[in-house]
Amino acid sequence: IKGIGHIRSNLIKRILKENNKKPPPLGSKVIELFELFTESEWEKYSLQILMDQRKLKKEVAIRETNKVLSILKANINGYLIDDKILIASSIFVMNKKPIKLNKEFLTYKILSYDTIDNVTNT
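For every chain, the first residue of the written sequence is number 1, and numbering continues from 1 onward in sequence order. The predicted origin of the model limits local features to residues at a pLDDT of at least 70 and limits the giving and counting of side-chain atom pairs to 80 or more, whereas totals for whole chains, interfaces and linings rest on all residues. By convention in this description, side-chain values take in all heavy atoms of the structure and omit both hydrogens and water.

K.L.:
Can you break down the packing of aromatic side chains residue by residue, with the values?
P.N.:
Only rings of Phe, Tyr and Trp enter the pairing, Trp through its six-membered ring, and a pair is recorded when the two centres are within 6.5 Å. The plane angle decides the type: under 30 degrees is stacked, over 60 is edge-to-face, the rest tilted. Scanning all chains against the criterion turns up two aromatic pairs. On the numbers, 5.1 Å between centres and 85 degrees between planes, the contact of Phe-37 with Trp-42 is edge-to-face. Working definition: with a 1.4 Å probe on protein chains only, accessible area under 20% of the residue-type maximum means buried, over 50% means exposed, and in between means partly exposed. For Phe-37, a relative accessible area of 3% translates into the label buried. Its relative accessible area of 3% is what places Trp-42 among the buried residues. With 5.1 Å between their ring centres and 65 degrees between their planes, Phe-37 and Tyr-45 make a pair best called edge-to-face. The pair Phe-37 / Tyr-45 is uniform in exposure class, with both members buried. Joined through ring pairs, the aromatic side chains of Phe-37, Trp-42 and Tyr-45 make up one cluster.

Written out as structure tokens, the structure is:
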């Protein structure tokens, strides 16, 4: 998710794990996260973890929660895959620079990768 960073990604992962939810598959759209919980549930679980486990003050936890939700909503049609990993993987899988290719196409190609010499044609 563009702009989310690994610490905020870990928060999302922890919310899912502590609520016994499986994350959407790699390459899914961000909107699928909101199919697992409502926005208010994300907020509640985020505040709980940030204050109880990370020991943040309530004001800081609220600010961080709002930032995470803002990033998710801004990327609602984005993919659950890191941009840099997507580009690097594309270079290896497709053997060319992916700079001018769109993320949807790159995600599809990476996730359909089968063997070192083969990208499936599905």
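K.L.:
Please set out helix α6 (residues 103-111) residue by residue, giving values where relevant.
P.N.:
Secondary structure elements follow DSSP: runs of H or I no shorter than four residues count as helices, runs of E no shorter than two count as strands, and numbering proceeds from the N terminus. Listed as buried for α6 are Leu-106, Thr-107, Lys-109 and Ile-110. Buried residues in α6, looked at end-on, bunch into an arc of 165 degrees, giving them a common side. An arc is given here, and it is the one of the directions from the helix axis to the C-beta atoms.

K.L.:
Describe in detail the packing of helix α1 (residues 5-18) against helix α4 (residues 58-74), supporting the description with residues and values.
P.N.:
For helices, the fitted line uses only the C-alpha atoms of the stretch in contact; every axis is such a line through C-alpha atoms, and the angle between N-to-C directions lies from 0 to 180 degrees. Interhelical geometry of α1 versus α4 gives an angle of 90 degrees and a closest axis separation of 11 Å. Considering their axes alone, α1 and α4 lie roughly perpendicular with respect to each other. Only Glu-64, Lys-67, Val-68, Ile-71 and Leu-72 of α4 make contact with α1, whose side of the interface consists of Arg-8, Leu-11 and Ile-12. Angles are sorted into four bins: roughly parallel if under 35 degrees, roughly antiparallel if over 145, roughly perpendicular if 65 to 115, and oblique for all others. Note on definitions: a residue-residue contact is assigned when non-hydrogen atoms from the two residues lie within 4.5 Å.

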